[in-house]
Every structure is written in structure tokens, then in C-alpha cells.
Amino acid sequence: GLLVPPALAPALAELGARGEGAAQAAVAAHYERWDAGPDAAEEVLAWLQAEAPSVLLVDGQGRLLWDPERPEELGRLRPLLAGITAGPAAALRADLGRAAERSAGFLAALEDPEALPRPSEAIDQGGGLYLHAARRLLAFDLERQPSWVPLREPTPPFQRLLLAARAAHEWGHLAEEAGWVRVAPECAPAAAAGRSALVRAFSGLLREAPAPLRAWAEAHLPERLGVGPNAGPEELGAALAESALRRLPDYAANYLMARLLPPAELEAYLRVNVRTHVEEGLDPFLLLARYAVEAHYLGLGACAAPLETFLRHTAADRLLAGGGLLSREALLELLEAAASVCAAYALREEAFRPELLR
């Protein structure tokens, strides 16, 4: 919505170019600082051989470079590590050690680690750290971490908290697939009631939405949700509820993660993953479906007012309720329906050693 008078356009373009140049110079100076210094690759290789942290090392295409079960085989890894300097090398050792520590903590908390299934194809093979599809081990991507370049710069401290939490979260997905984090049998009626309430909330939202939004939903949501072109509010509401509840495996993984992690790592992960998704281009109905379960991640940590914090941090209150899609009361009602489903989750206690959980 910014209107620039033609007379000012050249000055604005110049300002943009100067800003871009300054940013590029700052990035170059940052890497220049860490590129200086002697090659520390042999130190990393010696450490890997001696410590053999239980983490696979892969390149940006997912190709296996190093395997802790064969730590002496360094030939595929050595060329990629060439040129790494002392700062990034020390950070890489710390990162791999932390990921291996979280893996060991998860496996130690299980009564029978060998009963874990192999990772399924549904588990994401990306994100910098993930459970390898062909192995029951974490894989660390040396070239594609979310917010830093491991071979050229040290890990920012906050990112190491997230890396450790990601390790626990990925194992949590495997426990969820095994049925060890699930809706407790005694809570199944409450979970079913919550699902029904969520369908009613979405259906009511579609019926009562302002006319332009309702017309847009009728024209576009059926294709996006995979339902028939003439679907009414009830069918679309059920599809939106189903879309929302697809986040439940992530909630289950976080539920177990909350029993495994130190507070700093847990809070870092939960708070980073409760964020606005406006920039992703989701329409307001799908945005609300995305938020329905994510809003309750904060309740797994130390947040004193999870829903209020969610509304404030994501601007959902202003964008969805304040934007006229639904009232604040209807938004809270929808979130409470999803909360009753989330609250039904529990650990299958016989699968875990309770003395090693928090």
C-alpha cells in the first residue's frame, strides 16, 4: 500500500541499493572473520574417530558422509571439512555432542529401545537435523542448517538450544508412531467430544462469516481441502477440523519432548514454533486451522497464560477476530475445542522409565 511520488522514486531506489550493499558487506565481514585462521579439519576428524557421537553426517543432498558405526571411514567427509577453522570446528563438535546427548537421553528413557519402529516416510528428511529414513539415527546436515552455515561460522547460542530440542522432537515423532504418546483410553470420550466441537466451531464460522469471505470460502476451500465442489458449511467445517488436527502428531512429539528436555531448550523450541504464519500466504480459514493445535504448544512449558500469549505473539486476535472473520469469543471457543483434544494425550507409561522423565 506504499505510494511513492515519481519524483522520489530514484532516491528510494538508491536507498534500497545502499541498504542491500550494507547488508552484503556485513555478511561478508562476518564470514571473513571466521574464515581467517588455520585449517582445523583434522581436529574434527580426530574427535569423530575418538568420540563417535551417535549422529550421521550428511551433505546438503542427504548423501551419507560419516557413520558413527564406522567412525574410521573419513574419506567422504574429509573434502567437505577442508578449510573449516577453529571457531566453527569447536561449535560443530559441541552441536554433534549435544544432539548425541539428547538421543542417548531419549533411548535411556525407554523400557525397550529395540521396540522402536524404523522411521516412516512421513518423517521429514530435512530441517537440518532429522531421523534418517534408512537408519534409526539422527542425521546432521553439514551444509543446510536453518540459520547458520556450520562449516563457516559458529552456531549462535540460541540455535544450539533449538538443535537440542529438535533432536528430542524428532525422536518424539518416532514414539508417537509407535503409539507410546497417544490419546489415553480413559480420555477418548473427551477427545471425541472435542473433535465434534471443533467441527461445529468451523461449520458455524463458515455459516456466519461476512458475505465476501463466505463466498470466497465456497469458491476456493473445496479444492484446497479436497472435498466436493458443492460442499456446504458442515462438510467444509469437518474438512477444516481435519486439517487442524493433522498437527496432532507434532503436538504429541512436543508432549514427550516436554518430559525430556531442560527448561531452556524446551522454552526456546515451543516459543519459536508458536509464531505468525501470515507471510506464508494462507487464507484466513486455513490460517485458523493451522493455529488451532499450535496455539497449545505453549501450554506444555512454563508460559503462565498460553492462549493470551499465543494471541499476542501471532497477532491472531487482531488479524482474525479484529479482521472480521469471527468474534474473539468464537475464536476462543474454537481454540478451547482443540485444547480438549490436546489435553487427552498421555504417555503409554509402560513404555517409559518414569525416573528418567521430568
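All figures in this text were calculated on a predicted structure; none of them were measured in a lab.

About the cut-offs
Residues numbered from 1 in each chain as written. Predicted model: local features only at pLDDT ≥ 70, side-chain atom pairs only at ≥ 80, totals over all residues. Heavy atoms only, no water. Helix = DSSP H or I, 4+ residues; strand = E, 2+ residues; numbered from the N terminus. Buried < 20%, exposed > 50% of the residue type's maximum accessible area, 1.4 Å probe, protein only. Contact = heavy atoms within 4.5 Å. Salt bridge = Lys/Arg side-chain N within 4 Å of Asp/Glu carboxyl O. Expected span 1.5 Å × (residues − 1). Pairing = 2+ DSSP bridges. Axes fitted to C-alpha atoms, helices over the stretch in contact; angles between N-to-C directions. Parallel < 35°, antiparallel > 145°, perpendicular 65-115°, else oblique. Left-handed = near helix turned anticlockwise from the far one by under 90°. Nonpolar A, V, L, I, M, F, W, Y, C, P; charged D, E, K, R; others polar. Patch = residues over 30% accessible without salt bridge, like charges linked within 9 Å, V, L, I, M, F, W, Y side chains within 5 Å. Areas by Shrake-Rupley, 256 points an atom, 1.4 Å probe, with all protein chains shown as cover.

1. Brief notes about the overall build of the chain
Link 1 in the chain: The secondary structure content of the chain amounts to 14 helices and 6 strands.
Link 2 in the chain: Its C-alpha atoms give the chain principal-axis dimensions of roughly 70 × 65 × 40 Å.
Link 3 in the chain: When burial is assessed residue by residue, the chain has 46% of its 358 residues classed as buried.
Link 4 in the chain: A separation of at least 24 residues holds for 71% of the contacts in the chain among residues at least 6 apart in sequence.

2. Structural notes on the pattern of salt bridges
Link 1 in the chain: Under the defined criterion, the tally for this structure stands at 24 salt bridges.
Link 2 in the chain: For glutamate 73, the salt bridge is made with arginine 70, and the minimal N-O distance between the two is 3.4 Å.
Link 3 in the chain: Accessibility expressed as a relative area gives 35% for glutamate 73, which makes it partly exposed.
Link 4 in the chain: A relative accessible area of 33% means that arginine 70 is categorised as partly exposed.
Link 5 in the chain: Across the pair aspartate 317 and arginine 328 runs a salt bridge, and its minimum N-O distance is 2.8 Å. One end of the pair, aspartate 317, is in helix H13 (residues 316-321); the other, arginine 328, is in helix H14 (residues 328-342), and 11 residues separate them in sequence.
Link 6 in the chain: Judged by its relative accessible area of 30%, arginine 328 is partly exposed.

3. A word on helix H1 (residues 9-35)
Link 1 in the chain: Compared with an ideal rise of 1.5 Å per residue, which puts 27 residues at 39 Å, H1 spans 39 Å between its outermost C-alpha atoms and is within 8% of the ideal.
Link 2 in the chain: At the exit of H1 stands glycine 37, carrying a positive phi of roughly 115°.

4. Here's the deal with H14
Link 1 in the chain: Helix length check: H14, at 15 residues, gives a terminal C-alpha distance of 21 Å against a target of 21 Å (1.5 Å per residue), a fit within 8%.
Link 2 in the chain: Within H14, the full set of buried residues consists of Leu331, Leu334, Leu335, Ala337, Ala338, Ala339, Val341 and Cys342.

5. Points about the sheet that holds strand E1 (residues 55-58)
Link 1 in the chain: Across the sheet, 4 strands lie side by side as E2-E1-E4-E3; this open sheet has mixed pairing. Sheet topology places strand E2 (64-66) and strand E3 (129-131) at the edges, where each strand pairs with a single neighbour. Going from strand to strand, the sheet's axes swing by 40° on average, the running direction of each strand aside.
Link 2 in the chain: Sheet topology places E3 next to strand E4 (residues 138-141); 3 bridges connect them, and they run antiparallel. Residue tyrosine 130 lies in a different strand from E4, and its bridge partner there is alanine 139.
Link 3 in the chain: Of the strands in this sheet, E1, E3 and E4 are in contact with helix H4 (residues 86-108), which crosses E4 at around 160°.
Link 4 in the chain: Set on the sheet, helix H5 (residues 157-177) makes contact with E3 and E4; between it and E3 the angle comes to about 20°.

6. Quick word on the packing of helix H2 (residues 41-51) against H4
Link 1 in the chain: Orientation of H2 relative to H4, taken along the N-to-C sense of each, is 20°, at an axis distance of 9 Å. Viewed along their axes, H2 and H4 adopt a mutual orientation that is roughly parallel. Seen along the crossing, H2 lies across H4 with a hand that is right-handed. Of the residues in H4, those touching H2 at Glu43, Val44, Trp47 and Leu48 are Ala89, Leu92, Arg93, Leu96 and Gly97.
Link 2 in the chain: Here the residues of the contact of H2 with H4 are counted per class, giving 6 nonpolar, 1 polar and 2 charged.

7. Regarding a nonpolar patch on the surface
Link 1 in the chain: Among the surface-exposed residues, Leu2, Val4, Leu8, Leu12 and Leu15 lie close enough to one another that they form a single nonpolar patch of about 490 Å² accessible area.
Link 2 in the chain: With respect to the helices and strands, leucine 12 occurs in helix H1.

8. Here we look at the environment of leucine 225
Link 1 in the chain: Inspection of the secondary structure assignment puts leucine 225 in helix H7 (residues 211-225).
Link 2 in the chain: What leucine 225 contacts, discounting residues up to four positions off in sequence, is Leu236, Ala239, Leu240, Ser243 and Leu286.

9. Notes on the packing of H5 against helix H10 (residues 263-272)
Link 1 in the chain: For the pair H5 and H10, interaxial distance at closest approach is 8 Å and the crossing angle is 90°. With respect to their mutual orientation, H5 and H10 come out roughly perpendicular. Within the contact between the two elements, H5 uses Phe158, Leu161, Leu162, Ala164, Ala165, Arg166 and His169 and H10 uses Ala264, Glu265, Ala268, Tyr269 and Val272.
Link 2 in the chain: Class assignment for the residues of the contact of H5 with H10 results in 9 nonpolar, 1 polar and 2 charged.

10. A word on unusual backbone geometry
Link 1 in the chain: Positive phi is not limited to glycine here, since alanine 52 has a value of about 45°.
Link 2 in the chain: Examined against the element boundaries, alanine 52 turns out to sit in the loop between H2 and E1.
Link 3 in the chain: Residue alanine 315 is not a glycine yet carries a positive backbone phi of 65°.
Link 4 in the chain: A relative accessible area of 12% means that alanine 315 is categorised as buried.

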